[in-house]
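As a plain string of letters, each chain reads:
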Amino acid sequence: MVTTATKVPVKPLGDRIVVQPLEAEQTTASGLVIPDTAKEKPQEGKVLAVGPGNWDEDGEKRIPLDVKEGDIVLYSKYGGTEVKYGGEEYLVLSARDVLAIIEK
């Protein structure tokens, strides 16, 4: 069973992860404001829910994922599927689309 601090109505299966994308920077380091049309797709997000993992080769036990709820992750630019549910936007990623965990 997947439990989250912020109750997410989307429960991932297998090695899937539900991420809430974080907003891209609004200004550059020099202070220039970036218009919406020029913003890059965000590649950083907060993990809201984690699936139970895939089965091992023998089909006897689950292989746990490397990420956990609350982690801030860096993910593949074009990975995952965008989902809108209950007025919120989520990204459902496969574990292989997660590139790194960001430690802050």
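Everything numeric here is computed off the predicted structure, so don't read it as measured data. (Residues numbered from 1 in each chain as written. Predicted model: local features only at pLDDT ≥ 70, side-chain atom pairs only at ≥ 80, totals over all residues. Heavy atoms only, no water.)

> I'm lost on the overall build of the chain in this one. Help?
When its secondary structure is counted, the chain shows 0 helices and 6 strands. Seen in sequence order, the chain has helices and strands lined up from the N terminus as β-β-β-β-β-β. Working note: accessible area of the chain is about 7400 Å², and carbon and sulfur atoms make up 51% of it. (Helix = DSSP H or I, 4+ residues; strand = E, 2+ residues; numbered from the N terminus. Areas by Shrake-Rupley, 256 points an atom, 1.4 Å probe, with all protein chains shown as cover.)

> Would you mind going over the sheet that holds strand β4 (residues 81-85) with me for this structure?
Adjacent strands of a sheet pair through backbone hydrogen bonds, lying either parallel or antiparallel. Read across the open sheet, the 6 strands follow the order β4-β5-β1-β2-β3-β6; overall the sheet is antiparallel. Each edge of the open sheet is held by one strand with a lone partner, namely β4 and β6 (98-102). Averaged over all neighbouring strand pairs, the angle between strand axes comes to 45 degrees, with direction disregarded. (Pairing = 2+ DSSP bridges. Axes fitted to C-alpha atoms, helices over the stretch in contact; angles between N-to-C directions.)

> How should the pattern of salt bridges be read in this particular structure?
Pairing is possible between side chains of opposite charge, provided their charged atoms come close. For the coordinates displayed, the defined rule picks out 3 salt bridges. For the salt bridge of D71 with K68, the shortest nitrogen-to-oxygen distance reads 3.0 Å. Accessibility expressed as a relative area gives 9% for D71, which makes it buried. (Salt bridge = Lys/Arg side-chain N within 4 Å of Asp/Glu carboxyl O. Buried < 20%, exposed > 50% of the residue type's maximum accessible area, 1.4 Å probe, protein only.)

> What exactly am I supposed to notice about the pairing of strand β3 (residues 72-75) here?
For a regular strand, side-chain orientation follows a simple rule: the groups alternate between the two sheet faces. Summarising the sheet, strand β2 (residues 44-50) and β3 pair through 3 bridges and their orientation is antiparallel. Counterpart to G45 in the pairing with β3 is V73.

> Just checking my understanding: could you explain the side chain of D71 for this structure?
Relative to the helices and strands, D71 is located in the loop between β2 and β3. A distance of 2.9 Å separates a polar side-chain atom of D71 from the backbone nitrogen of K68. With sequence-adjacent residues up to four places away left out, D71 is seen in contact with G45, K46, V47 and I101. (Polar contact = N/O pair within 3.5 Å; in protein donor to acceptor, adjacent residues only side chain to side chain. Contact = heavy atoms within 4.5 Å.)

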